[in-house]
Amino acid sequence: MKKWCCFLFSLLLLAATAGAGQWVDLTASTAPPSVEVAEAAGSRVLLDCQINGFEQSEIIINGESYQVIGLAKEGRIWEKGDPELPVLN
């Protein structure tokens with residue numbers, strides 16, 4: 001599942017559609033993002049993340065164009081040098 005989540009976030013970052021605040025559908029569902037515990041045993045916890053789409057907008061920093069992705073009502077990771085990814089709660 002961890003590999004799937006990493007793949008999904010990579011896919012979100014590489015999405016190449018233009019426009020400000022454009023919604024990008026990943027599935028036909030309109031359900032909000034969700035995280036559920038799929039399995040818990042000892043020190044291992046397996047999470048099931050469901051993301052049906054995301055908002056994408058473009059920003060320009062020092063003349064370079066970048067894509068910003070976000071999820072409605074979700075926070076962001078704000079660590080200097082790290083990607084600005086949405087946080088699922």
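This write-up is about the structure you can find in this document. (Residues numbered from 1 in each chain as written. Predicted model: local features only at pLDDT ≥ 70, side-chain atom pairs only at ≥ 80, totals over all residues. Heavy atoms only, no water.)

## As for the overall build of the chain
A tally of helices and strands in the chain yields 1 helix and 5 strands. Walking the chain from its N terminus toward its C terminus, one meets helices and strands in the order α-β-β-β-β-β. Each of the 89 residues in the chain was classed as buried or not, and the buried ones make up 20%. Taking the contacts inside the chain whose residues are at least 6 apart along the sequence as the reference set, 41% of them involve residues at least 24 apart. Here the chain displays about 6600 Å² of accessible surface, and carbon together with sulfur accounts for 57% of that area. (Helix = DSSP H or I, 4+ residues; strand = E, 2+ residues; numbered from the N terminus. Buried < 20%, exposed > 50% of the residue type's maximum accessible area, 1.4 Å probe, protein only. Contact = heavy atoms within 4.5 Å. Areas by Shrake-Rupley, 256 points an atom, 1.4 Å probe, with all protein chains shown as cover.)

## Here we look at the environment of glutamine 50
With respect to the helices and strands, glutamine 50 occurs in strand β3 (residues 44-50). Note on glutamine 50: relative accessible area 35%, which makes it partly exposed. For glutamine 50 and threonine 27, which are 23 residues apart along the polypeptide, the C-alpha to C-alpha distance reads 10.0 Å. In contact with glutamine 50, not counting residues within four places along its chain, are Thr27, Pro32, Pro33 and Ser34. Only 2.8 Å separates the side chain of glutamine 50 from the side chain of asparagine 52, close enough to count as a polar contact. (Polar contact = N/O pair within 3.5 Å; in protein donor to acceptor, adjacent residues only side chain to side chain.)

## Points about the side chain of glutamine 56
Relative to the assigned elements, glutamine 56 resides in strand β4 (residues 53-61). Side chain to side chain, glutamine 56 and glutamine 67 meet in a polar contact 2.7 Å long.

## Comments concerning the pattern of salt bridges
Taken as a whole and assessed by the stated rule, the structure comprises 1 salt bridge. In this structure, glutamate 39 engages arginine 44 in a salt bridge whose closest nitrogen and oxygen atoms are separated by 3.5 Å. Owing to a relative accessible area of 35%, glutamate 39 belongs among the partly exposed residues under this scheme. (Salt bridge = Lys/Arg side-chain N within 4 Å of Asp/Glu carboxyl O.)

## A closer look at the environment of serine 29
Tracing the backbone through its elements, the reader meets serine 29 in the loop between β1 (22-25) and β2 (34-41). Since its relative accessible area comes to 34%, serine 29 is described here as partly exposed. Here the side chain of serine 29 touches alanine 31 through a polar contact of 3.1 Å, landing on its backbone nitrogen.

No statement about biological role is implied by the geometric values presented.
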